[in-house]
Amino acid sequence: MANNTTNDLSIKQLGFVWIDAIFVIEFTVILIMNAYTITVFARNHHLCKRTTYLIINLTVADLLSGAVSGPLELFYMNRKSDLQPGFIWQKLSSVTFLSIFTISSLTNLSLISLERLHATVYPFSHCSLGKRVYFKAIIFGWLSSFLISCVDSVLFVFMPVKFFYAWASHIVIALLIVALSYIIIIVKVHKHPPPVPYGTAADSDTKLSITLFIVTVVSVVTTLPWALYAAIKPMHIWNRESQTESGVTINYIVHGLYYACAIANPLIYAIRMEEFRKAVIKGLPCKKALEESRHNQAIELHAA
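Residues numbered from 1 in each chain as written. Predicted model: local features only at pLDDT ≥ 70, side-chain atom pairs only at ≥ 80, totals over all residues. Heavy atoms only, no water.

A. Quick look at empty space enclosed by the protein. Inspection of the entire model under this criterion finds three cavities of 30 Å³ or more. Approximately 130 Å³ is the volume attributed to the largest cavity. As for the largest cavity, its lining consists of 14 residues, and the residues nearest its centre are D62, S105, T223, Y258 and C261. Element by element, the count of residues in the lining of the largest cavity is highest for helix α8 (residues 245-272), at five residues. A class-by-class count of the residues in the lining of the largest cavity yields seven nonpolar, six polar and one charged. (1 Å grid on protein atoms, 1.4 Å probe; cavity = no way out; pocket = protein on both sides within 12 Å on 5 of 7 lines; lining within 4 Å. Points joined across faces, edges and corners; volume = space filled by probe spheres on them. Helix = DSSP H or I, 4+ residues; strand = E, 2+ residues; numbered from the N terminus. Nonpolar A, V, L, I, M, F, W, Y, C, P; charged D, E, K, R; others polar.)

As structure tokens, this is what we get:
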């Protein structure tokens, strides 16, 4: 009987190792894709305009979520003892860094939806907005994310269960802001189509709104299950040893979906934004090698 129990534990631990490996791969993909996305924006200055500042900021938050928040969360999943209440500065700082980047992603989604709402309801006023307004919005998003993450770290140390309820509330509030913004946008456009400037700029703005709407829908689909699970079974989110096999499966599915959003966003940009897609393809090593090969062949033919 003891041998069977030991074998079951070994199989379970082996399963944890494989799951951890999958998450490491996911975090690595998040890091690479978002880092490349930021590089594309940095190298192509014509892409860095007023309408893409929030997209770039969201990309930075997603990159840091995969590089910092994800590994820290995986670390806590493997340390059941850290769920016990206690005042430890290391725990406070690590949970703060764990929370700030994921909260920033949610905050930025809310800012994007509010920005699209303003562009729809007040199109002419929106056109006159300067870069300074966007920079202030970005600074506000990061400061509020930092303050919320500090509060979350205190809750994690002293009241772990309330920490998970707080996390679920962050997600729900952000999704409510996003949902209400787009509901108002849809009603406004359907009942009273706003007078917008015609031409290429108007078409580009409409396409950007649709792109950001798709990003928002994907974010809702990927983050909402995590919020529901955190509200239903708060302490089981990180305590793997006390979960049933089905509980472990659900836990990892909701976490995998939650971080998958950071992978989906760059793909949506590449599919929907033509200028960004061209810049991505142009920056690929294989594309550069092919262009150099064609250039060398042209020089050889000209010399012949």
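From this point, the narrative continues.
B. Looking closely at the nonpolar core. F163, W167, I171, W226 and Y258 are the most contacted members of the largest nonpolar core, which totals 29 residues. Elements represented by at least two residues in this core include exactly α1 (2-43), α2 (53-77), α3 (89-121), α5 (131-158), α6 (160-191), α7 (200-232) and α8. No other element matches α6, which puts eight residues into this core. Within the second largest apolar cluster, 26 residues are counted, among which are V215, I268, Y269 and M273. (Core = buried A, V, L, I, M, F, W, Y, C linked by side-chain atoms within 4.5 Å. Buried < 20%, exposed > 50% of the residue type's maximum accessible area, 1.4 Å probe, protein only.)

C. Geometry of the packing of α3 against α6. Where α3 meets α6, the axes come as close as 8 Å, and the angle between the chain directions of the two elements is 15°. Here α6 runs roughly parallel to α3, going by the angle between their axes. The handedness of the crossing between α3 and α6 comes out as left-handed. Taken together, the residues that form the contact of α3 with α6 break down as 18 nonpolar, seven polar and two charged. (Axes fitted to C-alpha atoms, helices over the stretch in contact; angles between N-to-C directions. Parallel < 35°, antiparallel > 145°, perpendicular 65-115°, else oblique. Left-handed = near helix turned anticlockwise from the far one by under 90°.)

D. Highlighting the side chain of T102. Looking at the element boundaries, T102 is found in helix α3. In contact with T102, other than residues within four places in its own chain, are S65, S69, W167, Y258 and Y259. (Contact = heavy atoms within 4.5 Å.)

E. Representation of the side chain of S113. By secondary structure assignment, the location of S113 is in helix α3. Those residues within four positions of S113 in sequence are excluded, and the remaining contacts are I177, V178, S181, Y182 and I185.

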